Amino acid sequence: MKATVIGAAGGIGQPLSLLLKQSKYVSELSLYDVVNTIGVATDLSHINSAAPVSGFLPENDGMAKALQGTELVIIPAGMPRKPGMTRDDLFNANASIVYGIAESIAKNAPKAFVLVISNPVNSMVPIFAEVFKAHNTYDPKRLFGVTTLDVVRASTFVAEAEGRPTEAPQFHVPVIGGHSGTTIIPLLSQSEPKFNGDQKAIEEVTHHIQFGGDDVVKAKNNAGSATLSMAFAGARFAEAVLAAAQGHSLERPQYSYIDLNADAQGAEQIKSVIGNDTAFFSVPITLGRDGVSAIQPLGQLSEFEQKAIKEGVEALNGNIAKGVSFKPTKL
Ligand code: NAD
Ligand code: LMR
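Residues numbered from 1 in each chain as written. Chains lettered and ligands numbered in written order. Predicted model: local features only at pLDDT ≥ 70, side-chain atom pairs only at ≥ 80, totals over all residues. Heavy atoms only, no water.

Caption draft 1: Spotlight on the layout of surface pockets. By volume, the largest pocket is sized at about 690 Å³. Lining the largest pocket are 29 residues, and of these His172, Arg252, Pro253, Gln254 and Tyr255 sit closest to its centre. Considering every element that reaches the lining of the largest pocket, the biggest residue donor is helix α8 (residues 228–245), with 4 residues. Here the lining of the largest pocket is built from residues that sort into 17 nonpolar, 7 polar and 5 charged. In this structure, the second largest pocket occupies an estimated 440 Å³ of space. Lining the second largest pocket we find 32 residues, and of these Ile12, Pro80, Asn119, Ser225 and Ala226 sit closest to its centre. (1 Å grid on protein atoms, 1.4 Å probe; cavity = no way out; pocket = protein on both sides within 12 Å on 5 of 7 lines; lining within 4 Å. Points joined across faces, edges and corners; volume = space filled by probe spheres on them. Helix = DSSP H or I, 4+ residues; strand = E, 2+ residues; numbered from the N terminus. Nonpolar A, V, L, I, M, F, W, Y, C, P; charged D, E, K, R; others polar.)

Caption draft 2: Geometry of the site of ligand 1. In the vicinity of ligand 1, 27 residues are found, and the nearest of them are Gly11, Ile12, Asp33, Met79 and Asn119. Here an oxygen atom of ligand 1 sits 3.3 Å away from a polar atom, N or O, in the side chain of asparagine 94. Notes on ligand 1: free accessible area 860 Å², of which the protein chains cover 85%. In this structure, ligand 1 is accommodated by the second largest pocket. (Near = heavy atom within 4 Å. Polar contact = N/O pair within 3.5 Å; in protein donor to acceptor, adjacent residues only side chain to side chain. Areas by Shrake-Rupley, 256 points an atom, 1.4 Å probe, with all protein chains shown as cover. Sits in = over half its atoms within 2 Å of the grid points.)

Caption draft 3: The arrangement of the UniProt feature "active site" (unreviewed entry) in the chain in detail. In the numbering used here, UniProt assigns the feature "active site" (unreviewed entry) to His179. For histidine 179, the location among the structural elements is in the loop between β7 (175–177) and β8 (184–186). Excluding residues within four positions of it along the chain, histidine 179 makes contact with Arg87, Asn119, Val121, Asn122, Thr147, Asp150 and Ile184. For histidine 179, the side chain forms a polar contact with the side chain of arginine 87, separated by 3.4 Å. (UniProt positions renumbered as here; feature names shortened; annotations may be inferred. Contact = heavy atoms within 4.5 Å.)

Caption draft 4: A look at the site of ligand 2. Taken together, Arg81, Arg87, Asn119, Leu149, Arg153, His179, Gly213, Ser225 and Ala226 make up the full set of residues near ligand 2. Here an oxygen atom of ligand 2 and a side-chain polar atom of asparagine 119 are 2.8 Å apart. Between ligand 2 and arginine 153 there is a distance of 2.7 Å, counted from an oxygen atom to a side-chain nitrogen or oxygen. Coverage of ligand 2 by the protein amounts to 96% of the 260 Å² it exposes when considered alone. Comparing atom positions with the cavity grids shows ligand 2 to sit within the second largest pocket. When residues are assigned to domains, the shell around ligand 2 turns out to be shared by domain 1 (2–145) and domain 2 (148–325), each giving three or more. (Domains from an automatic or database assignment.)

Caption draft 5: Structural view of the nonpolar core. With 110 residues, the main nonpolar core has Leu115, Phe128, Phe144 and Phe281 as its most contacted residues. No fewer than three residues from each of domain 1 (2–145) and domain 2 (148–325) sit in this core. When near neighbours in sequence (up to four residues on either side) are disregarded, phenylalanine 128 contacts Ile75, Val98, Ile101, Ala102, Ile105, Val114, Val116 and Leu143. (Core = buried A, V, L, I, M, F, W, Y, C linked by side-chain atoms within 4.5 Å. Buried < 20%, exposed > 50% of the residue type's maximum accessible area, 1.4 Å probe, protein only.)

Caption draft 6: How the structure looks around the side chain of glutamate 305. Checked against the element boundaries, glutamate 305 lands in helix α10 (residues 303–324). Among buried Asp, Glu, Lys and Arg side chains, glutamate 305 stands out as unpaired, with lysine 194 the closest opposite charge at 11 Å. A distance of 3.1 Å separates a polar side-chain atom of glutamate 305 from the backbone nitrogen of leucine 188. Within polar-contact distance, the side chain of glutamate 305 engages the backbone nitrogen of serine 302 at 2.9 Å. Apart from residues lying up to four places away in sequence, glutamate 305 is in contact with Ile185, Pro186, Leu187, Leu188, Ser189 and Gln300. (Lys, Arg positive; Asp, Glu negative; His and termini not counted. Salt bridge = Lys/Arg side-chain N within 4 Å of Asp/Glu carboxyl O.)

Caption draft 7: Structural view of the pairing of strand β10 (residues 280–288). Here β10 lies mainly inside the structure; 8 of its 9 residues are buried. Pairing between strand β9 (residues 254–259) and β10: 6 bridges, direction antiparallel. Looking across to β10, one finds that serine 256 is bridged to valine 283. Here 4 bridges tie β10 to strand β11 (residues 291–295), and the two strands are oriented antiparallel to one another. Each residue of the ladder has a partner; that of isoleucine 285, found in β11, is isoleucine 295. Count of turn residues in the β10/β11 antiparallel hairpin: 2 residues. (Pairing = 2+ DSSP bridges.)

This is the structure in structure tokens:
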């Protein structure tokens, strides 16, 4: 299947493109950015894996050409954080960028799976949904906020806290909610294998998962945020979407920040936990040929997790409303 990376020359875009170039699920790779894509594409094209690679710039309708015939678009375009910033502080810079990208997808690849990495994910995904609705191309089963990095971090940090190897067989830890601070809600009580930590350890690991992104921003010291771990996580999720679209059944649920209308019936159980006011939430999903085929139930929650959901949902609702009401100043 043809995959397109928008923001392909950036810190995430380059390693993500490299990983997709090596993927058995990608038969053609198309790269778009406002700078440097021709160089990145030429470089990648020397790798002897199957997918041919092409690079496009804004000139000559480059984004439209990059999107022609694509079946999956993954978007790490936009500004990353600097120390002291929240993800929400990126809203003004990135909302207009993703709005333009969403319009181009609606016109040029209306049936593609759309995977949003750009921050703040909590607000950017609702912007995509609104633009697609305006173009009558919206299918909530095909729009995904990429929250896989939270799941990857949870697996790593739980293994470390347990003094176990971090590599496979990995810990499977559901992470639900959104993608920023307290909206990131790890369900450590459902870890497989079991997490044996006491309440203090649960609180420490939960905080580490919720604020792991800040640690990378601080360590990079003005040179951006997580890029390599994000490329790993983005490629993993993209491959899951592509594998399911190609008829493979996946062993485990994936977690992604989606419109709960993607499976109204499955969402009933989620709403009984989080309330009816939250339209987008990262939930366990089954993927199929057409994207989300089912939203799975959340399972048994601890008291600590129920409290975290209450707190997270409040912040998340504000982020969603901000995305839904966004209108670019210049059309
Ligand atoms: P970066 O600055 O290194 O790269 C961003 C790229 O986007 C640049 O190459 C830039 O030229 C390009 N770009 C800007 N405007 C564009 C447009 N209109 N069309 C196409 N490309 C455009 O940043 P990065 O470190 O790669 O991060 C990218 C985004 O991903 C940030 O918003 C960051 O916060 C976010 N992020 C999300 C997660 C997550 O878990 N979802 C994790 C890490 C980073
Ligand atoms: C992350 O979780 O690493 C990303 O969202 C980037 C950030 O700003 O922390």
